[in-house]
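# Structural features, examined
Residues per chain, in single letters:
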Amino acid sequence: MTPTERQRLLEIATEAALAGGAVLQHYWGRLKQVEEKGRADNLVTEADKAAEVEVLAVLQRHVPEHAILAEESGARGRAESDYLWAIDPLDGTTNYAHQYPFSAVSVGLLFQGQPVVGAIFDPFHKELFRAAQGLGATRDRQPIHVSDTTDLARSLLVTGFAYDRRETADNNYAEFCHFTHLSQGVRRGGAASLDLAYVACGRLDGYWERGLSPWDLAAGVVLVKEAGGKVTAYDQSPFDIFSGRILATNGHLHDSMSQELNRIKPLSQFAPVPS
Ligand code: IPD
Ligand code: CA
Ligand code: CA
């Protein structure tokens, strides 16, 4: 794919993220439908669904031949397409439903399975994060870069907890305690795309999480890499967006965070009770 083509697709991603963001602004404080997706802590609202409709309409207008994987409506288009858009119309639904203003629209594009373009729009702070492979990363069209923190003891980290946390011993609780002890703090933002965008712009130094979906990660991964950071699996093997597991840092902290992640054992008191 040429840089010109990546730039064109970045403009489309941006248009889609802004269109979704306008919907999130519209429904803010006016939600009537908050449904549980089979469990009390996994919510979907009319804002998620309406934002997704707007994002998909933009893609349909510009790139109807591309495949799509969107959180609320699933997969569409030719499975063998080189282009797959991964859409989270409302990343941070729990925050949004509680009127805690930390959510975003995340629009990422995979080319032959690799994230290459991303646009993340935070409608509350009105911040637009964008990146495309080889073209750099920006916040509100100004170049951004990861932090230069080299010492875990001086770092501010972020993570999150997947919806299956009560059903698996691999629920990230031990990791959260461990890094809280070693760093200046660990935040739980509640919107994976913004966690990644914040690593990209140096507000946070490192991020790890498991149990994620491609739509949570696609756009943010491009941002971190293009801002000079590093993205891998916990053990530093190549990142696989379908594994749901990510270690994304400013690069300087990558070795130490990976080493710590590989020696943490689950907290047994929070493991599910065997049936
Ligand atoms: C969730 C958020 C959260 C992460 C969860 C995700 P959603 O996405 O990104 O930060 O910890 O694993 O599922 O459900 O709000 O789109
Ligand atoms: Ca999400
Ligand atoms: Ca979502």
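- The chain is annotated in an unreviewed UniProt entry as Inositol-1-monophosphatase from Almyronema epifaneia S1.
- Among the UniProt annotations of the chain, the heading Catalytic activity (unreviewed entry) holds the following wording: "a myo-inositol phosphate + H2O = myo-inositol + phosphate".
- Under the UniProt heading Sequence similarities (unreviewed entry), the note attached to the chain is "Belongs to the inositol monophosphatase superfamily."

### Considering the site of ligand 1
- Within the structure, ligand 1 sits among 17 residues, and Asp91, Gly92, Thr93, Tyr163 and Glu209 are positioned closest to it.
- The side chain of Asp88 places a nitrogen or oxygen atom 3.2 Å from an oxygen atom of ligand 1.
- Within the contact set of ligand 1, an oxygen atom lies 3.3 Å away from a backbone nitrogen or oxygen of Gly190.
- Protein chains shield 95% of the accessible area of ligand 1, which is 380 Å² for the free molecule.
- Considering each element in turn, the shell around ligand 1 owes the most residues, three residues, to strand β5 (residues 83-91).
- Tallied by class, the residues present in the shell around ligand 1 amount to seven nonpolar, four polar and six charged.

### As for the coordination of the calcium ion (ligand 3)
- The protein atoms donating to the calcium ion (ligand 3) are Glu71 (OE), Asp88 (OD), Asp88 (OD) and Leu90 (O), with metal-donor distances spanning 2.2 to 3.2 Å.
- Spacing between the donor residues of the calcium ion (ligand 3) along their common chain follows E-x16-D-x1-L.
- Note on Asp88: relative accessible area 1%, which makes it buried.

### A word on the sheet that holds strand β11 (residues 156-159)
- On the basis of which strands lie adjacent, the open sheet formed by five strands has the order β12-β11-β13-β15-β14 and mixed pairing. Looking at strand neighbours, the two that pair on one side only are β12 (185-188) and β14 (230-232), the edges of this open sheet. Averaged over all pairs of adjacent strands, the angle between their axes in this sheet comes to 20°, without regard to strand direction.
- Pairing of β11 with β12 involves four bridges; the strand directions are parallel. Within β12, the position partnered with Thr159 by the bridge is Arg188.
- Its contacts with the sheet put helix α5 (residues 192-200) on β11, β13 (206-209) and β15 (246-249), and the angle it makes with β13 is roughly 155°.

### Here's the deal with the nonpolar core
- One finds Ile120, Phe129, Tyr207, Leu217, Leu223 and Ile246 to be the most contacted residues of the largest nonpolar core, which totals 40 residues.
- The element that contributes the greatest number of residues to this core is helix α6 (residues 214-226), accounting for eight residues.
- Within the second largest apolar cluster, 33 residues are counted, among which are Ile87, Phe111, Val117 and Leu128.

### Some details on the pairing of strand β6 (residues 104-111)
- For β6, a buried count of eight out of eight residues is recorded, marking the element as mostly surrounded by other parts of the structure.
- Burial along β6 is two-sided: Ala104, Ser106, Gly108 and Leu110 and Val105, Val107, Leu109 and Phe111, pointing in opposite directions, are all buried.
- As judged from the seven bridges shared by β5 and β6, these two strands associate in the antiparallel manner. If you follow Trp85 over to β6, its bridge partner there is Leu109.
- Taken together, the seven bridges between β6 and strand β7 (residues 114-122) define a ladder with antiparallel strand orientation. Pairing of Gly108 across the sheet is with Gly118, part of β7.
- Hairpin connection, β6 to β7: the antiparallel pair is bridged by two residues, and Gln112 has positive phi, about 50°.

### With respect to unusual backbone geometry
- Backbone geometry places Asp140, a non-glycine residue, at a positive phi of 50°.
- We classify Asp140 as partly exposed; its relative accessible area is 37%.

### Brief notes about the sheet that holds β7
- Read from one edge of the open sheet, eight strands run β4-β3-β5-β6-β7-β8-β9-β10, paired in mixed fashion. The outermost strands of the open sheet, each flanked by one partner alone, are β4 (74-76) and β10 (142-143).
- Packed on one face of the sheet, helix α1 (residues 3-27) meets β5, β6, β7 and β8 (127-132) and runs near 35° to β7.

Cut-offs applied
- Residue indices follow the written sequence of each chain, beginning from 1 at its first position.
- The lettering of chains begins at A and the numbering of ligands begins at 1, in the order of writing.
- For this predicted model, a pLDDT threshold of at least 70 governs which residues receive local features, and a threshold of 80 or more governs which side-chain atom pairs are given and counted, while totals over whole chains, interfaces and linings are taken from all residues.
- For side-chain calculations, the full set of non-hydrogen atoms in the structure is used, while hydrogens and water are omitted.
- UniProt positions are given in the numbering used here, feature names are shortened, and annotations may be inferred rather than shown by experiment.
- We call a residue near a given molecule or strand whenever any one of its heavy atoms falls within 4 Å of it.
- Here a polar contact is recorded for every N or O atom pair within 3.5 Å, except that within protein the pair must consist of a potential hydrogen donor and a potential acceptor, and residues adjacent in sequence are included only if both atoms are side-chain atoms.
- Reported accessibility uses the Shrake-Rupley method at a 1.4 Å probe radius. Residues are deemed covered only where the shown protein chains occlude them.
- Only DSSP runs of H or I reaching four residues or more are called helices, and only runs of E reaching two or more are called strands; each is numbered from the N terminus.
- Gly is placed with the polar residues, together with every amino acid not listed as nonpolar (Ala, Val, Leu, Ile, Met, Phe, Trp, Tyr, Cys and Pro) or charged (Asp, Glu, Lys and Arg).
- In this analysis a donor is any N, O or S atom within 2.8 Å of a metal ion (3.2 Å for sodium, potassium and calcium), and since water is not included, sites may seem incomplete.
- Classification of residues uses two cut-offs on accessible area relative to the type maximum, computed with a 1.4 Å probe and protein chains only: under 20% is buried, over 50% is exposed, and between them is partly exposed.
- Here, a strand pair is defined by DSSP locating no fewer than two bridges between the strands.
- Each axis is a line fitted through C-alpha atoms, and for a helix only the stretch in contact is used; angles between axes span 0 to 180 degrees, taken between their N-to-C directions.
- Contacts between residues were defined by any pair of non-hydrogen atoms, one from each residue, lying within 4.5 Å.
- Nonpolar cores were defined as sets of buried Ala, Val, Leu, Ile, Met, Phe, Trp, Tyr and Cys residues, with membership established by side-chain atoms within 4.5 Å.

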